[in-house]
Amino acid sequence: MAIVAPNAHKHLSADALFALVRKAFSCIDDHRSGTPDISLADALMSALAMFSLKSPSLLAFDKERAEDNLHQIYGIQRVPCDTSMREILDPVTPESLRPVFKQLFDHLQRKKALQEMMFVQDHYLLALDGTGYFSSNQLHCASCLATHHRNGTVSYAHQMLGAALIHPDKREVIPLMPAPIVRQDGPEKNDCERNAAKRLITKFRQDHPSLKVIVTEDSLSSNAPHIEMLQDHDVHYILGVKAGDHAFLFQQVAQAEQAGRVTYYERDDATQGVHHRFRFVSDMPLNASNATLRVNFIECWETTKGKTHHFSWVTDLRVNKGTVYRLMQGARARWRIENETFNTLKNQGYHFEHNFGHGYQHLSVVFAVLMMLAFCVDQVQQLCCPLFQAAWGRWGSKRLLWEKMRALFYDYALASMAHLFQALCYGLKKSAPILDIDSS
Ligand SMILES: [Zn+2]
């Protein structure tokens, strides 16, 4: 019986999204004068292709490259060698890639790709989280964070603050332009993340002036300057709090409880064998020195198979018996930025922590941002494109899917990414249409 592969999504397939990204790349000003042999758009698209194909290194990509397919599928006119790609991309400021993310996001909105990601009342959940992706005692560049140790040695690192739309019921995440954490952000980790968050939210608002979001972050973010910054940018929040770090708040909650102001709510999910117990109270001061900053407090005890986990958050959203469970789900979905984004990039074939080339100025950051872009294209397909979903289903694991994808890419002349995914769906039997192509 013949296996019929579903069609690729007209507007949200890999081919449609690559065309959009390529067009956006071609609008970025080239830092070089004259008419270089290889365009900036070709160099950027080649790096994106490397991450899209999950090539383990720049060298592997260079050696194995299939020029015809890179031209046909990624629209690259001239593919740079690895040295030339590094030289062209090193001076590119990461910020110049922001419009590419914005155009991709606007396209997803227009084509209704984000409808499924809506959390509550026209609002999306936007998770922020920091991660490191490079460290070395020797290799460094102008953007590296440097730590000077007591024994006189220096270690260098790269970190970024990632941002992604998440949803408690969806595995997929939609990453936005991340905020690279660079040397100017300050000497302390907390300073760095706080400054990066400020930059990220400010630019997010410029890019998306009317997008309604609820930001979720860990308990490091539950401080007055950060919450005021979120309020200034008309962004709602659900942020973690800890009894140890927010003692005043927890004391106030205890007092409110004694005064009979706290509400309790319990919910049993018999099918999942989970019991939730909540207590919540509105209009609490976040801390003693910022008594005018009022927050709504939620505490949750989740019991599964005799084990209880405890969580607590503050939010500016209204908390009542009708909303508290959903707010808890939104807050708990925050782990998806760590698990489904950073862990996927590090462990599921993207090689986030590999060194594709460090450069002297921005190369390391530019590669990280382009990898996030390639990941975004993959996530949109996973969310919206039936053909991609069928190919993934056929091979079961992403790792295997990427492996088979690369094998076909390097061995056969392909007309499009849809052609490649169709071949992956039909299988690799000799009778499959892919082998009818004469590439001699
Ligand atoms: Zn560096």
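Calculation criteria
- Residues numbered from 1 in each chain as written.
- Predicted model: local features only at pLDDT ≥ 70, side-chain atom pairs only at ≥ 80, totals over all residues.
- Heavy atoms only, no water.
- Pairing = 2+ DSSP bridges.
- Helix = DSSP H or I, 4+ residues; strand = E, 2+ residues; numbered from the N terminus.
- Donors = N, O, S within 2.8 Å, 3.2 Å for Na, K, Ca; no water.
- Tetrahedral: all angles 85-135°; square planar, octahedral: opposite > 155°, others 65-115°.
- Buried < 20%, exposed > 50% of the residue type's maximum accessible area, 1.4 Å probe, protein only.
- Contact = heavy atoms within 4.5 Å.
- Expected span 1.5 Å × (residues − 1).
- Arc of directions from axis to C-beta.
- Salt bridge = Lys/Arg side-chain N within 4 Å of Asp/Glu carboxyl O.
- Polar contact = N/O pair within 3.5 Å; in protein donor to acceptor, adjacent residues only side chain to side chain.
- Phe/Tyr/Trp six-rings, centres within 6.5 Å; stacked < 30°, edge-to-face > 60°.
- Core = buried A, V, L, I, M, F, W, Y, C linked by side-chain atoms within 4.5 Å.
- Axes fitted to C-alpha atoms, helices over the stretch in contact; angles between N-to-C directions.
- Parallel < 35°, antiparallel > 145°, perpendicular 65-115°, else oblique.
- Nonpolar A, V, L, I, M, F, W, Y, C, P; charged D, E, K, R; others polar.

Student: I would appreciate a short explanation of the pairing of strand β3 (residues 145-148) in the present structure.
Tutor: Along any regular strand the residues' side chains alternate between the sheet's two faces. Two elements, β3 and strand β4 (residues 154-166), share four bridges in a ladder whose sense is antiparallel. Bridge pairing in β4 places Leu145 opposite Ala157. Two successive antiparallel strands, β3 and β4, enclose a turn made up of five residues, where Gly152 displays a positive phi of approximately 95°.

Student: It is not clear to me how the coordination of the zinc ion should be interpreted in this structure. Could you clarify?
Tutor: Tetrahedral metal sites with four donors have an ideal angle of 109.5 degrees; octahedral sites with six donors have ideal angles of 90 or 180 degrees. Looking at the metal site, the zinc ion is ligated by Cys141 (SG), Cys144 (SG), His158 (NE2) and His358 (NE2), spaced 2.0 to 2.3 Å from it. Considering all four donor atoms around the zinc ion, angles at the metal cover 102 to 131° and the coordination shape is tetrahedral. Residue His158 is classed as buried on the basis of its relative accessible area of 1%.

Student: Even after reading the chapter, I still don't get the side chain of Ser46, so can you show me in this structure?
Tutor: By the secondary structure assignment, Ser46 is in helix α2 (residues 40-52). Classification of Ser46 as buried rests on a relative accessible area of 0%. Residues contacting Ser46, with those up to four places away along its chain left out, are Phe61, Ile76, Val79, Pro80 and Met85.

Student: Could you clarify how one ought to interpret helix α9 (residues 247-258) in this entry?
Tutor: Count 3.6 residues to each turn of an α-helix, and residues three or four apart come out pointing the same way. For α9, spanning twelve residues, the distance from its first C-alpha to its last is 17 Å, which sits close to the expected 16 Å at 1.5 Å a residue. Among the residues of α9, Leu249, Phe250, Gln252, Val253 and Ala256 are the ones counted as buried. Projection of α9 onto a plane perpendicular to its axis shows the buried side chains occupying an angular sector of 155°, all on one side. If you follow the buried residues of α9, they end up packed against β10 (274-285), β11 (294-304) and β12 (307-315). Two residues or fewer past α9, Gly260 is found with a positive phi of approximately 75°.

Student: Got a minute to help me understand the pattern of salt bridges in this structure?
Tutor: Pairing is possible between side chains that carry opposite charge, provided their charged atoms lie close to one another. A full pass over the atoms with the stated rule returns 14 salt bridges. The partner of Arg98 in a salt bridge is Asp207, with the nearest N and O atoms 3.0 Å apart. Residue Arg98 is located in helix α6 (residues 98-110), and its partner Asp207 is located in helix α7 (residues 189-207); the two are separated by 109 residues in the primary sequence. With respect to burial, Arg98 and Asp207 carry one shared label: buried. The salt bridge involving Glu299 is made with Arg279; its shortest N-O contact spans 2.5 Å. Linking Glu299 in strand β11 with Arg279 in strand β10, this pair joins segments that are 20 residues apart in sequence. Judged by its relative accessible area of 4%, Glu299 is buried. Through salt bridges that share partners, Glu95, Arg98, Lys203 and Asp207 make up one connected network.

Student: Is there a simple way to think about the side chain of Gln382 in this case?
Tutor: Structurally, the position occupied by Gln382 is in helix α12 (residues 363-384). Within the structure, Gln382 has its side chain in polar contact with the side chain of Glu172 (distance 2.9 Å). Filtering out sequence-adjacent residues up to four positions away, Gln382 remains in contact with Glu172, Phe388, Gln389, Trp392 and Lys398.

Student: It is not clear to me how helix α5 (residues 82-89) should be interpreted in this structure. Could you clarify?
Tutor: All of the buried residues along α5 are Asp82, Ser84, Met85, Ile88 and Leu89. For α5, the arc enclosing every buried residue in end-on projection is 165°, short of the 170-degree limit, so these residues lie on one face.

Student: Where do I start with the packing of aromatic side chains in this structure?
Tutor: Here a ring pair, both rings aromatic, is described through the centre-centre distance and the interplanar angle of the planes. Here the structure, examined in full by the defined rule, presents twelve aromatic pairs. Between the aromatic rings of Phe51 and Phe356, the centroid separation amounts to 5.0 Å while the plane-to-plane angle is 85°, which identifies the pairing as edge-to-face. Of this pair, Phe51 sits in helix α2 while Phe356 sits in the loop between α11 (335-347) and α12; the two residues are 305 residues apart in sequence, bridging distant segments of the chain. Here Phe51 falls in the buried class, since its relative accessible area comes to 2%.

Student: Could you clarify how one ought to interpret the nonpolar core in this entry?
Tutor: Generally speaking, soluble globular proteins have nonpolar side chains that are buried together. Phe25, Tyr74 and Leu89 are the most contacted members of the largest nonpolar core, which has 155 residues in total. Element by element, the count of residues in this core is highest for α12, at 17 residues. For Phe25, the residues in contact, after removing those within four places along its chain, are Ala41, Leu44, Met45, Leu48, Leu97, Val100, Leu370 and Leu373.

Student: Can you walk me through the packing of helix α13 (residues 386-395) against helix α14 (residues 398-411) in this structure?
Tutor: Any two packed helices are characterised by the angle at which their axes cross and by the distance between the axes. Look at α13 against α14: their axes get within 8 Å of each other, and the N-to-C directions meet at 105°. When the interaxial angle is binned, α13 and α14 end up roughly perpendicular. Listed contacts from α14 to Phe388, Ala391, Trp392 and Trp395 of α13 are Lys398, Leu400, Leu401, Trp402 and Lys404. Here the residues of the contact of α13 with α14 sort into seven nonpolar, no polar and two charged.

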